[in-house]
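Summary of structural features
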Amino acid sequence: MSFSQRVGAAMAGDRTYRRAANALGFAVCAGLLGFALYAQFHLSLDPCPLCIFQRIGIAALGVVFLVTALHAPRRWGSRVYAVLIALAAGATIGVAGRQIYLQHLPPGAVPSCGAPLSVMLKFLPISSVIRKVLDGSGECGVVHWVFLDLTMPEWVLLWAAALGLVGVVLNARNARLAR
C-alpha cells in the first residue's frame, strides 16, 4: 500500500470516527432534553423562561451535531460546523450563566416575577420578549432541583461547555487534518 493510500484510509477512518462522535453529541443533547421533559411532566418542575431558552440552546446544539454527523464534511465544512457548535454552546452557556447568577442573588435582590412567557409572546415583539426573559424574574431565581450539589442550570452549563468544547475540537481538528 502506497503512502497516499494509507493517508486516505486513515482519513476515511477519522471521518467515520468524527461522524460517530457527532452522532453521540446529538444523542447526549437528546438525552438532556428527555430529562428536561421528564422533570417537567413527571417531577412537576415547570420550566421558567430561562429554562425554556436553555432547552432551545441544547436543541440547537443537538441539531448542529446531527447535521454534522449526517453530512460528515471535509476541510472548511468542518470549520463551519465547529463555529456553529461554538455559537449554540456559547448561547446556552450564557443563558445558564444568567440563571445561575439570579439563583445566587440575595433574597431581596432577585427581580420580581413578570408576566408568563406565553403572555409576553402574545403581546410583545420577540426582541422585547428576549430582553425581558434575559433580565430574569423571581421565578428564574428559585432553586427547585439539586443533584450532586448542582442546580439544573449549573448542570446545563457544564454539559453545554463540555459538548461545545468536544464538538469544536473534534470538528476543527478534522479540518486541519483534511488538508
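Since the model is a prediction, treat every value here as computed from it, not as a measurement. (Residues numbered from 1 in each chain as written. Predicted model: local features only at pLDDT ≥ 70, side-chain atom pairs only at ≥ 80, totals over all residues. Heavy atoms only, no water.)

1. Describing the side chain of R55
We apply this condition: In this text, helices come from DSSP runs of H or I with a minimum length of four residues, and strands from runs of E with a minimum of two, each type numbered from the N-terminal end. Between buried and exposed lies partly exposed: a residue is buried under 20% and exposed over 50% of the maximum accessible area for its type, with that area taken using a 1.4 Å probe on protein chains only. Here the positive residues are Lys and Arg and the negative ones are Asp and Glu; neither His nor the chain ends is included. For this document, the term salt bridge refers to a Lys or Arg side-chain nitrogen within 4 Å of an Asp or Glu carboxyl oxygen. Under this definition, polar contacts are N or O atom pairs within 3.5 Å; protein pairs additionally need one hydrogen-donor-capable and one acceptor-capable atom, and for neighbouring residues in sequence, both atoms have to be side-chain atoms. Should any heavy atoms of two residues lie within 4.5 Å, those residues are considered in contact.
Residue placement: R55 occurs in helix α2 (residues 49-71). As a buried residue without a salt bridge, R55 has its nearest oppositely charged side chain in D46, at a separation of 7.7 Å. From its side chain, R55 meets the backbone oxygen of A36 in a polar contact 3.1 Å long. R55 has contacts with L33, A36, L37, Q40 and P47, leaving out every residue within four places of it along the chain.

2. What about the confidence of the model for the protein chain?
This is how it is decided: Confidence scores per residue from the predictor, reported as pLDDT, run from 0 to 100.
Looking at the protein chain, pLDDT values average 78 and 71% of them are 70 or higher. The model gives residues 2-12 a pLDDT under 50, and that stretch makes 4 contacts with residues more than four places away or in other chains. Within the model, pLDDT remains below 50 along residues 175-179, and this stretch shows 10 contacts once partners closer than five positions in the same chain are excluded.

3. What to know about the environment of N22
With respect to the element layout, N22 can be found in helix α1 (residues 3-41). Residue N22 is classed as buried on the basis of its relative accessible area of 0%. As for N22 and V64, which are separated by 42 residues in sequence, their C-alpha atoms are 8.8 Å apart. Setting aside its immediate chain neighbours within four residues, N22 contacts F65, T68, A69, I85, L170 and N171. At 3.2 Å, the side chain of N22 forms a polar contact with the side chain of N171.

4. Details of the nonpolar core
Note the cut-off: Grouping buried Ala, Val, Leu, Ile, Met, Phe, Trp, Tyr and Cys residues that are joined through side-chain atoms within 4.5 Å yields what is termed a nonpolar core.
The biggest cluster of nonpolar side chains holds 13 residues, and the ones touching the most others in it are C29, I58, L61, F65, I85 and L163. Put simply, the parts of the chain that give this core at least two residues each are α2, α3 (76-103) and α6 (152-177). No other element matches α3, which puts 5 residues into this core. Among all residues touching I58, those that are not within four sequence positions of it are C29, L32, L33, T92, V156 and A160.

5. Regarding the side chain of T68
For T68, the position within the fold is in helix α2. On the accessibility criterion, T68 (0% relative accessible area) is buried. Those residues in contact with T68, other than ones at most four positions away along the chain, are N22, P73, Y81 and N171.

6. Here we look at a nonpolar patch on the surface
Formally: Distance thresholds for patches are 9 Å for like charges and 5 Å for nonpolar side chains (Val, Leu, Ile, Met, Phe, Trp, Tyr), applied to residues having over 30% relative accessible area and no salt bridge. Working definition of accessibility: Shrake-Rupley area with a 1.4 Å probe, residue cover restricted to the visible protein chains.
Among the surface-exposed residues, W76, V80, V83, L84 and L87 lie close enough to one another that they form a single nonpolar patch of about 520 Å² accessible area. For V83, the location among the structural elements is in helix α3. Overall, V83 belongs to the partly exposed group, its relative accessible area being 49%.

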